[in-house]
Amino acid sequence: MSNNENTLKDTDPKVAEGAKQSADCGKEKAGMGGTCGAVRDASAIKEWMDVIASCGKKVGVVDHIEGATIKLTKNDSPDGKHHFIPTGWVDHVDTHVHLKKNSQETEQGWKSDAATCGA
């Protein structure tokens, strides 16, 4: 085992995680991906955040959270109506809500009310 491997093996897990986050931030700032400052759950979702599909297309704006669903504003909707998507579709949240689904999957799967969303 090389010295570098020993050093990495013996590194405190918190230090290693900090180094990983720092690398992710560097990648993001360099346009190479990464999720700098992102969280993986829906608790960080706030009103008026853009909702971005996995393909990079904006699919809506958060109106508010309703149970386990995200209600999208009707002003940013292609048909002028509110749409609901399950919070389970969220990949991560930073300054935007990023989905696991692409725009086509999102628009095909969204519902017109929270009760049927994710059912």
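The sections below set out a description of the structure shown in this document.

Each value, and the rule that gives it
- Within every chain, residues take consecutive numbers counted from 1 along the sequence as written.
- In keeping with the predicted nature of the model, local features appear solely for residues at pLDDT of at least 70, side-chain atom pairs appear and are counted solely at 80 or more, and the whole-chain, interface and lining totals rest on all residues.
- To obtain the side-chain values, all non-hydrogen atoms of the structure were used and water was disregarded.
- Here, any two strands with at least 2 DSSP bridges between them count as paired.
- Elements are defined by DSSP. Helices are runs of H or I of four residues or more, strands are runs of E of two residues or more, and each kind is numbered from the N terminus.
- Angular values range over 0 to 180 degrees, each being the angle between N-to-C directions of two axes fitted as lines to C-alpha atoms, with helices fitted over their stretch in contact.
- A side-chain nitrogen of Lys or Arg and a carboxyl oxygen of Asp or Glu constitute a salt bridge if their distance falls within 4 Å.
- Only protein chains enter the accessibility calculation, which uses a 1.4 Å probe; a residue is then buried when its area is under 20% of its type maximum, exposed when over 50%, and partly exposed in between.
- Two N or O atoms form a polar contact when they lie within 3.5 Å of each other; inside protein one atom must be a possible hydrogen donor and the other a possible acceptor, and for residues adjacent in sequence the pair counts only when both atoms belong to side chains.
- Throughout, a contact is declared for two residues whenever any of their heavy atoms are within 4.5 Å.

1. A short note on the sheet that holds strand 1 (residues 50-52)
Stage number 1. Here six strands make up an open sheet; going across it, the order is 4-3-2-1-6-5 and the pairing mixed. Two strands close off the open sheet at either side, each with one partner strand: strand 4 (83-86) and strand 5 (90-93). Here the strands of the sheet are splayed against their neighbours by 40 degrees on average, with no regard to which way each runs.
Stage number 2. Two strands pair when backbone bridges link them, and strand 5 and strand 6 (residues 97-99) are joined in this way by three bridges, in the antiparallel orientation. Within the sheet, the bridge partner assigned to Val93 lies in strand 6 and is Val97.

2. Quick look at the pattern of salt bridges
Stage number 1. A complete count under the given rule lists two salt bridges for this structure.
Stage number 2. Among the ionic pairs, Lys58 bridges to Asp50, the shortest N-O distance being 3.3 Å.
Stage number 3. The partly exposed category is assigned to Asp50, whose relative accessible area is 22%.
Stage number 4. One salt bridge in this structure joins Glu107 and Lys57, with 3.7 Å as the shortest N-O distance. With Glu107 in helix 3 (residues 103-109) and Lys57 in the loop between strand 1 and strand 2 (58-66), this residue pair connects regions lying 50 residues apart in the sequence.

3. Here's the deal with the side chain of Thr73
Stage number 1. In this fold, Thr73 is placed in the loop between strand 3 (69-72) and strand 4.
Stage number 2. Its relative accessible area of 6% is what places Thr73 among the buried residues.
Stage number 3. For Thr73, the side chain forms a polar contact with the side chain of Asp76, separated by 3.0 Å.
Stage number 4. With sequence-adjacent residues up to four places away left out, Thr73 is seen in contact with Trp48, Val61, Val62, Asp63, Lys81 and His82.

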